[in-house]
Every structure is written in C-alpha cells, then in structure tokens.
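An overview of the molecular structure
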Amino acid sequence: MNRFVAAERALRNASPHRLVDALREVLRSQYAAESVELLMADYGLTVLQPVSARPDISEPVSMHGSTAGRAFGAQDPIIEEIGDLSRVHLPVTVRGDRLGVLRVTLPSEGSAEVLPELVEIAEVLGHEVIVADRDTDVYLQARRRDRLTLAAEMQWQLLPGRACARREYALGAQLEPAYAIFGDNFDWSAGSDRLMLYITNGMGEGIEASLLTDLGINALRNARRAGISIEDQAALADQAIYAHYRGASYLSVLLLDFELSTGRVKVVDAGSPQMLRLRGRTVEPVDFEAQLPLGMFEETDYVSQELHVEPGDRLVFASDGVYGVAAPGGEKYGEKALAKAIASTRLLPAAEVPRAVLRELSSHRGGPDPEDDAIVVCLDWFGPLGGS
C-alpha cells in the first residue's frame, strides 16, 4: 500500500480523540518518524498548544519567534535540521482556516523527498480534526491557554471559523478579549454564486450579551437558509429579537451579500460596525445609510444599498471596541489610526490582518486588557475566477 494512502486511511479510521496517536503510529512505521505532535492555535492567536491527554500541563509554543509560529504565519512548511534529524513544521489549514501546526521529527536523509507527502497528510489531518470536533472536546481543549468565560464559550461556538478562502476572496477575523468576549460576533456563508457576511456589534455585557447575539445570529441563519433576501433576513431577525426583548435590548449588525460573478454587494446597515476600504494604497471609510438596530422597534422595514468591489480591494470591518478605544491619555484610537493600521498591514494575507490590527490596538490602549469587545474582520476580494 502507498504510504500516503496508509496515513490517510489511518486518520479516517481513527477514533475522533485518537487522530494524533493514529497518525504517530503510521508515520513511525511508514516514514521512520521519531516524534509527531499536533500544535493547535489558541483562541487569542498568541501560542500553539500541544494536543495531549493533559492539555493543562502541556508546554505551549509561542507564535512569535518560534519555528512553528513562523510556519503558522507564513503558511509554508519549514524544516529545522537537528543533527542527523529533520524537524518539519507543517501548517494544518482547512480552506484558509488556520488550525495549527503538525510537527514531525524524522531522519534527515530523504526528508526533502517526503515533504510533499507530509504537506498533504497535514491537510488531511486538518479536515479530520474539523469532523472530530463534533464528537470530542480534545482539540477544543487544546486551543485553550486559559479558561473561557461562559459567554466566550457561547460566542466561539457560534462562529463559522476564523478564516475562509476560495478563488474569489479570502476572509480573516478575530475577537478580543478572546477568552472573555461576550457580544461581538461574525458569521459567513458561501454558495456557488454568493457570499453572505454578517458583522455583529453586541449590546450589553456578560451572558446577557451572548444570549442576545446568539438569538440574533440564529435568526439570521434561519432566514438565510430559507433562501430569502438580505433585507428580509434583517426584518425577520428584527422581529425575533423584538418579540423576546420588546425593545429593551437590540443588536447592531452589518449585513453584506456579495455576488461572486460581478462584485456587486447588497448592504443592510442596521446600526453597524465601521467599514474601511483599501484600494491601491488609499484607505477610506465606506459609509452607508444607517438604519435601526435589530429589535429596537416592532416590525422595522430594512432597505439595502449597493456597493461594488473591484479585484484587489480589501475591506476591513471593526466594532466600536476598536475605534472607540482610548489611550491612557484619553485619545481615541479612531478612524485615522485604524486607517493607518490597515495601510501598514496591506502586505499581510487577510487571515493575518485582524491579529495585526488588534496588536496595534493593544499598544494604543497601553495594556493587554480591553474594557469592551473588539472585532476585526478582513475581506480580500480577488474577483471572479480569482481575478484571472
């Protein structure tokens, strides 16, 4: 049997919690591997956590300054030579969503020849981890550097992923504080001809904010999956939230519906987060006609506006927890600083931009602990057929 096929079959037949053990066994027998480790990116994207039976005592690997961190950031395999051994760091990524790094130590002789196969094995492992998450907590636990609050647990479980890529676009997003987020959220769904994207700026704090956002996101999904227009999605979610809260709580959401073949976008701005566009080297805000947040009043009607994106455009969305943050001296981060951060990160891929912008925000704030939720979403638009 081909050894790659053997590795693939071992992963597909393994129990959900034993993916790494099964892979370790087959890589030892087929590739003479000395050691095999899966490192998962933590919720804050600061460390890579080993998947083990005791995640609470496993030693994390820093994203910054480590070989594994460089492989994760560059999304390219990196080989470290250690005497007569090679330690190979392989990105584990599924459709643009960066999960972690597979670290394999094997004899140096022949390591370059087997590298393409190991890259494919890491890709198969990523897909199997996504499937296994339905049946085990092993990989979710490995992502935790600290304990999540209950509100944060609810928010992360709502997310579609942290990044997504296909030929027409690439998406990346991040929430802060990762382990104590409560109201802000994002959601997306792609079909053969459209991409729908929602950015939510939640109201309130703690568990109440999470419950509100949970209701709003699921109401939007329910409407979207019924195949109705983005305007009616907003109207039905508005009714669901108002029916429960009677106007005492409401949800600010920016809804976007991208037509993949043309770059035409329908937008409903329901008290939204801000959106900035990088076109060429120019960063500018894109303003929409603000409408009422979802659930503020009974039976609100929503109207969409149109936008056109061009190949090469980068759209960045941020909640008020980003542009409203004050420095120790009282100066707000603001649109100008956000535009500067977008310009300075223009060479980074979309999946890396949110983390980079939030790092700059932390420097402005003068401390690591934000007082409010912050969300950054980045969309790179390549256009039909990837701009080709």
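Our subject is the structure listed above.
Residues numbered from 1 in each chain as written. Predicted model: local features only at pLDDT ≥ 70, side-chain atom pairs only at ≥ 80, totals over all residues. Heavy atoms only, no water.

**Comments concerning the pattern of salt bridges**
- Summed over the entire model, instances satisfying the criterion amount to 23 salt bridges.
- Close ionic contact of R144 with E153 constitutes a salt bridge, the shortest N to O distance being 2.8 Å.
- One salt bridge connects D187 with R221, and the closest N-O pair in it is separated by 3.0 Å. In this pair, D187 is assigned in strand β9 (residues 185-190) and R221 in helix α7 (residues 206-225), connecting sequence segments 34 residues apart.
- On the accessibility criterion, D187 (2% relative accessible area) is buried.
- Three or more residues joined by partner-sharing salt bridges are found here, namely R18, D21, R24 and E25. (Salt bridge = Lys/Arg side-chain N within 4 Å of Asp/Glu carboxyl O. Helix = DSSP H or I, 4+ residues; strand = E, 2+ residues; numbered from the N terminus. Buried < 20%, exposed > 50% of the residue type's maximum accessible area, 1.4 Å probe, protein only.)

**Describing empty space enclosed by the protein**
- If you walk through the whole model with that rule in mind, you get one cavity of 30 Å³ or more.
- For the largest cavity, the calculated volume is near 90 Å³.
- Looking at the largest cavity, the residues that line it are L45, F72, D97, R98, R162, A163, G172, A173, A351, E352 and R355.
- Of all elements in the fold, only β6 (97-107) and β8 (169-176) reach the threshold of two or more residues within the lining of the largest cavity. (1 Å grid on protein atoms, 1.4 Å probe; cavity = no way out; pocket = protein on both sides within 12 Å on 5 of 7 lines; lining within 4 Å. Points joined across faces, edges and corners; volume = space filled by probe spheres on them.)

**What about the sheet that holds strand β4 (residues 78-82)?**
- Reading across the sheet, the six strands line up as β3-β2-β1-β6-β5-β4 and stay open at both edges, with antiparallel pairing between neighbours. Across the chains shown, the open sheet's two edge strands, defined by having one partner strand only, are β3 (61-62) and β4.
- With six bridges connecting them, strand β1 (residues 35-41) and β6 associate as antiparallel partners. Paired with M40 across the two strands is G100, which belongs to β6.
- Seen against the sheet, helix α4 (residues 111-132) touches β1, β4, β5 (85-94) and β6 and runs at an angle of roughly 35° to β5. (Pairing = 2+ DSSP bridges. Contact = heavy atoms within 4.5 Å. Axes fitted to C-alpha atoms, helices over the stretch in contact; angles between N-to-C directions.)

**Remarks on the packing of helix α6 (residues 150-158) against α7**
- Two numbers describe how α6 lies on α7: the axes approach to 8 Å, and their chain directions differ by 15°. Relative to α7, α6 is oriented roughly parallel. You can see that α6 and α7 cross each other, and the crossing is left-handed. Residues L150, A151, M154, Q155 and L158 of α6 pack against G206, I207, S210, L211, T213, D214, I217, N218 and R221 of α7.
- Of the residues in the contact of α6 with α7, the class split is seven nonpolar, five polar and two charged. (Parallel < 35°, antiparallel > 145°, perpendicular 65-115°, else oblique. Left-handed = near helix turned anticlockwise from the far one by under 90°. Nonpolar A, V, L, I, M, F, W, Y, C, P; charged D, E, K, R; others polar.)

**Structural notes on a negative patch on the surface**
- Taken together, the side chains of E205, D320, E371 and D372 make up a negatively charged region of the molecular surface.
- Within the secondary structure, E371 sits in the loop between α11 (353-365) and β17 (374-381). (Patch = residues over 30% accessible without salt bridge, like charges linked within 9 Å, V, L, I, M, F, W, Y side chains within 5 Å. Areas by Shrake-Rupley, 256 points an atom, 1.4 Å probe, with all protein chains shown as cover. Lys, Arg positive; Asp, Glu negative; His and termini not counted. Charge placed at Lys NZ, Arg CZ, Asp CG, Glu CD.)

**Brief notes about the pairing of β6**
- Counting buried positions over the eleven residues of β6 gives ten, a clear majority of the element.
- Two elements, β5 and β6, share ten bridges in a ladder whose sense is antiparallel. In the sheet register, L90 faces β6, and the bridge partner there is L102.
- Linkage of β5 to β6, two consecutive antiparallel strands, is achieved through a turn of two residues, within which R95 is found at a positive phi near 50°.

**Comments concerning the side chain of N201**
- For N201, the position within the fold is in strand β10 (residues 194-201).
- Engagement of the side chain of N201 in a polar contact is seen with the side chain of D320, the distance being 3.3 Å. (Polar contact = N/O pair within 3.5 Å; in protein donor to acceptor, adjacent residues only side chain to side chain.)

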